[in-house]
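Per-entry structural report
One-letter residues, chain by chain:
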Amino acid sequence: MSKLIIANWKMNNTISDALNFAKYLKKHAKKQKSMVVCPPSTMLYEFSKSVKGVCSVGAQNCHYENSGAFTGEISPAMAKDAGAEYVLVGHSERRKNFNEDNEIISKKIASALKAGLKVIFCVGETLEEKNKYKSVLKKQILEGLKLANNLENVIIAYEPIWAIGTGKVATLADIEKVHLYIKGLIEENFGTEIKVIYGGSVKPSNSEEILELADVDGVLVGGASLIAEDFVKIVESRG
Ligand code: PGA
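Quick caveat: nothing in here was measured; it's all calculated off a predicted structure.

Regarding the overall build of the protein chain
Looking only at helices and strands, the protein chain features 9 helices and 8 strands. Relative to a compact globule of 239 residues, whose C-alpha radius of gyration would be 18 Å, the protein chain shows 17 Å and is just as compact. For the protein chain, buried positions account for 53% of its 239 residues. In the protein chain, the share of contacts with a sequence separation of at least 24, taken over all contacts with a separation of at least 6, comes to 72%. About 11100 Å² of surface is accessible on the protein chain, with carbon and sulfur atoms providing 51% of the total. On the protein chain, the mean spot of the 31 positive side-chain charges and the mean spot of the 29 negative ones are 3 Å from each other.

So, in structure tokens, the structure goes:
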């Protein structure tokens, strides 16, 4: 099974940066892994046109309503219309900086799935919560998936908050342990398998050992995905 390499550009880059990135990707990335790039929404349309057939594109966020008086928001249908196949939901930066709780997240997931988007559902514990990661993740996952009627198009991204943008990566043993826990939890509660990817300071120097873990189905890359050369190195790492 091909592992998934997902780039989260966060609030970075311009349309011309995105087009240069697309050009580099087309020239250098051999297609042995599935790639998804999530640029800011202003670049979705141009970027997705320019990487057709090379990589998939995702939005970084969406509202749970399909249209209406929600100034500044974009709906799942709009993200799809602009070329997104995926959407990130529940990223810790949105939970923390935009007060998104599990209830909002569950509405977003249900509505994105209904619109035909694939959901990259982000969960993770803080450093203080590290020794009770099971209960923290269980709550985030079960409450977040409360309104989803099918998990076929859901991928869970395990991103320990203390590892995001800090250069601190979870140990390989911890990654494996948590991914197994999440897969077991989904099996137990939904009777189905799910892909679980890891995120948090993934870069070319550590991507290979992470991607080689049996229960890691891919990686979600923030900082290192802004540099096309680094992103391609991660895509081309073994595992
Ligand atoms: P990072 O971000 O790779 O810069 O740690 C990961 C993320 O926030 O998805």
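Still to come is the rest of the account.
Concerning the sheet that holds strand E1 (residues 4-8)
Spatially, E1-E2-E3-E4-E5-E6-E7-E8 is the arrangement adopted by the 8 strands of the closed barrel, whose pairing is parallel. Geometrically, the sheet is characterised by an average inter-axis angle of 25° between neighbouring strands, direction not taken into account. Direction of pairing for strand E5 (residues 118-123) relative to strand E6 (residues 154-158): parallel, over a ladder of 5 bridges. The partner of Phe121 across the bridge, within E6, is Ile156. In this fold helix H6 (residues 133-144) packs onto E5 and E6, with an angle of close to 155° to the strand it touches most, E5. Helix H7 (residues 172-190) contacts E5, E6 and strand E7 (195-199) of the sheet and is inclined by roughly 150° relative to E7.

What to know about empty space enclosed by the protein
Scanning the model with the defined rule gives 1 cavity of 30 Å³ or more in all. If you add up the space inside the largest cavity, you get close to 50 Å³. As for the largest cavity, its lining consists of Gly90, Ser92, Arg95, Cys122, Val123, Gly124, Glu159 and Ile161. Elements that contribute at least two residues to the lining of the largest cavity include exactly helix H4 (92-97) and E5. Per-class residue counts for the lining of the largest cavity are 3 nonpolar, 3 polar and 2 charged.

Notes on the pairing of E7
Where burial is concerned, most of E7 is hidden: 4 out of the 5 residues are buried. Taking the sense of rotation as the criterion, the β-α-β connection linking E6, H7 and E7 turns out right-handed. As paired strands, E7 and strand E8 (residues 218-221) are joined by 2 bridges and run parallel to one another. By the bridge assignment, Tyr198 is partnered in E8 with Val219. Since E7 and E8 lie parallel, the crossover through helix H8 (residues 204-211) that links them has a hand, and here it is right-handed.

Procedures and definitions
- Residues numbered from 1 in each chain as written.
- Predicted model: local features only at pLDDT ≥ 70, side-chain atom pairs only at ≥ 80, totals over all residues.
- Heavy atoms only, no water.
- Helix = DSSP H or I, 4+ residues; strand = E, 2+ residues; numbered from the N terminus.
- Rg over C-alpha atoms; globule rule 2.2 N^0.38 Å.
- Buried < 20%, exposed > 50% of the residue type's maximum accessible area, 1.4 Å probe, protein only.
- Contact = heavy atoms within 4.5 Å.
- Areas by Shrake-Rupley, 256 points an atom, 1.4 Å probe, with all protein chains shown as cover.
- Lys, Arg positive; Asp, Glu negative; His and termini not counted.
- Charge placed at Lys NZ, Arg CZ, Asp CG, Glu CD.
- Pairing = 2+ DSSP bridges.
- Axes fitted to C-alpha atoms, helices over the stretch in contact; angles between N-to-C directions.
- 1 Å grid on protein atoms, 1.4 Å probe; cavity = no way out; pocket = protein on both sides within 12 Å on 5 of 7 lines; lining within 4 Å.
- Points joined across faces, edges and corners; volume = space filled by probe spheres on them.
- Nonpolar A, V, L, I, M, F, W, Y, C, P; charged D, E, K, R; others polar.
- Right-handed = clockwise from strand over helix to strand, strands pointing away.

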